[in-house]
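A structural walkthrough
The lines below spell out each chain.
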Amino acid sequence: MASYAIQEFGLSERQACRTVQVSRCAYRHPSKKVTDEPIAQELRQLAEKQPRWGCDKMTDYLRNQAGYSWNHKRIRRVYRALALHLKRKPKKRLPARIAQTLAVPEQRNQTWSLDFMSDALSNGRAFRTLNVIDDYNREALWIEVDTSLPAERVVRVLEQLLSWPGKPASIRMDNGPELISQRLESWAKEKNIALLHIQPGKPAQNAYIERFNRTYREDVLDAYLFDDLQEVRRITETWLADYNTIRPHEALQGLPPRQFALQHA
């Protein structure tokens, strides 16, 4: 507008700027059109090559390695506009867990303990095991083996165990996703079974099953190279029979779990 007034009406620069209400500085130094597309293009390419890099690493690379002189604030603004920020996995929100005294039960089916273990077949395929023991005589009630053991599978295993050794008063476990599911909680409430969750990061509060896991790891999982799940199940069932009826247990006066339960019935 100021240039038009000067050319058409012969006004001076001062008069023209005063007429259109523009400062003489802005008239003499018009703003340059700055686009962020070059920065956006570099960030997109860098995000494809290095998907785990954050904004700070990308900024350092563009300024130090690629030789660009872009301001770090400008790079961060474009980075946020492109939504390239890494997604953080939120922590599980757990209710306050109270430490439970790890006492020795006085009778069978007073407290069970369960836990998961992981291993792999010879072809690299991973599998899991669900171990369940009775804390009274450390008897291994069952070891379920499969590639996936969701909450529904855990409930099914526990439901089957209720028909043989009986119903426990409580079950001690950690805070895995399968063990804090609504499905397991509703099942335990229906069966009137208390779920004793240990404090996060405190495996010693579930020491009975942790000690059993070590024995199972050394005697079976680390001792054999499995070709398929059927082989894992077959060897595990044979080992379970020996563990419960033959193998002496130091905490049970040198007796196997079932013999100890018979003598102290």
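Residues numbered from 1 in each chain as written. Predicted model: local features only at pLDDT ≥ 70, side-chain atom pairs only at ≥ 80, totals over all residues. Heavy atoms only, no water.

Observations regarding the overall build of the protein
The cut-off we apply is this: Secondary structure elements are defined from DSSP: runs of H or I of at least 4 residues count as helices, runs of E of at least 2 residues count as strands, and each element is numbered from the N terminus. Just to be clear, the radius of gyration here is over C-alpha atoms, and the globule rule we use is 2.2 Å times residues to the power 0.38. For every residue, the accessible area obtained with a 1.4 Å probe (protein chains only) is divided by the maximum for its type, and the residue is called buried under 20%, exposed over 50%, and partly exposed between those limits. Contacts are assigned to residue pairs that have any heavy atoms within 4.5 Å of one another. Accessible surface area values rest on a Shrake-Rupley calculation with a 1.4 Å probe, where residue burial reflects the displayed protein chains alone.
Of the regular secondary structure elements, the protein holds 11 helices and 5 strands. By the compact-globule yardstick of 18 Å for 265 residues, the protein is too spread out, its C-alpha radius of gyration being 34 Å. Referenced to the eigenvectors of the C-alpha coordinate spread, the extents of the protein come out at roughly 115 × 40 × 30 Å. Looking at the protein as a whole, 38% of its 265 residues qualify as buried. Within the protein, contacts between residues separated by at least 24 positions form 58% of all contacts whose residues are at least 6 apart in sequence. As displayed, the protein offers around 16,800 Å² of accessible surface, 49% of which is attributable to carbon and sulfur atoms.

What about the packing of aromatic side chains?
Our working definition: Two rings from Phe, Tyr or Trp (for Trp, the six-membered ring) form a pair when their centres sit within 6.5 Å of each other. Planes less than 30 degrees apart are called stacked, planes more than 60 degrees apart edge-to-face, and all others tilted. We call a charge positioned above a ring when the Lys NZ or Arg CZ atom is no farther than 6 Å from the ring centre and deviates by at most 35 degrees from the ring normal.
Following the criterion strictly, the structure yields 10 aromatic pairs and no others. Look at Tyr216 and Trp239: their rings are 5.3 Å apart centre to centre, the planes differ by 50 degrees, and that puts the pair in the tilted class. Pair noted here: Tyr216 is in helix 9 (residues 207–221) and Trp239 is in helix 10 (residues 229–245), with a separation of 23 residues, a long-range link. Trp239 shares its class with Tyr216; the two are buried. The rings of Phe212, Tyr216, Trp239 and Tyr243 are connected pair by pair, giving a single aromatic cluster. If you follow Arg128 out to its NZ or CZ, it ends over the ring of Phe116, 4.3 Å from the centre.

Re helix 5 (residues 55–65)
What counts, and what does not: Throughout, the arc means the angular range of directions from the helix axis out to the C-beta atoms.
For helix 5, every residue scored as buried is listed here: Cys55, Met58, Thr59 and Leu62. Seen end-on, helix 5 carries its buried residues on one side only, within an arc spanning 100 degrees. For helix 5, exposure combined with an orientation more than 90 degrees from the buried face picks out Asp56, Lys57, Asn64 and Gln65. Buried residues in helix 5 make contact with helix 4 (37–49) and helix 6 (72–81). Following helix 5 by one or two positions, Gly67 has its phi on the positive side, about 85 degrees.

Describing the pairing of strand 4 (residues 170–173)
Under the convention used in this document: A pair of strands is labelled paired if DSSP reports no fewer than 2 bridges between them. Think of it like this: strands point away, you trace from the first strand over the helix to the second, and a clockwise trace means the crossover is right-handed.
Taking every second residue as pointing to the same face, both faces of strand 4 are buried, with Ser170 and Arg172 on one and Ile171 and Met173 on the other. As paired strands, strand 4 and strand 5 (residues 194–197) are joined by 4 bridges and run parallel to one another. Note on strand 5: the bridge partner recorded for Ser170 is Ala194. Between strand 4 and its parallel partner strand 5, the chain crosses via helix 8 (residues 182–191), and the hand of that crossover is right-handed.

A closer look at the environment of Tyr61
Mapped onto the secondary structure, Tyr61 falls in helix 5. In this structure Tyr61 comes out as partly exposed when scored by relative accessible area, which is 34%. For Tyr61 and Val22, which are 39 residues apart along the polypeptide, the C-alpha to C-alpha distance reads 41 Å. Once you skip the residues sitting within four places of it in the chain, Tyr61 turns out to touch Leu46, Trp53 and Ala66.

Overview of unusual backbone geometry
Its identity as a non-glycine residue notwithstanding, Ala83 has a phi of 55 degrees, on the positive side. Structurally, Ala83 can be placed in the loop between helix 6 and strand 1 (111–120). Even without being glycine, Asn192 reaches a positive phi, approximately 60 degrees. As for its placement among the helices and strands, Asn192 is situated in the loop between helix 8 and strand 5. Overall, Asn192 belongs to the exposed group, its relative accessible area being 61%.

Regarding the sheet that holds strand 2 (residues 126–134)
Selection rule: Lines fitted to C-alpha atoms define the axes, with helix axes restricted to the stretch in contact, and inter-axis angles between N-to-C directions lie between 0 and 180 degrees.
Strand order in the open sheet made by the 5 strands is 3-2-1-4-5, with mixed pairing throughout. Strand pairing shows two members of the sheet lacking a second neighbour, strand 3 (139–146) and strand 5, which therefore form its edges. Neighbour-to-neighbour, the strand axes of the sheet open up by a mean angle of 25 degrees, direction not taken into account. The strands touched by helix 7 (residues 151–162) are strand 1, strand 2, strand 3 and strand 4; relative to strand 3, the strand with the most contacts, the crossing angle is about 145 degrees.

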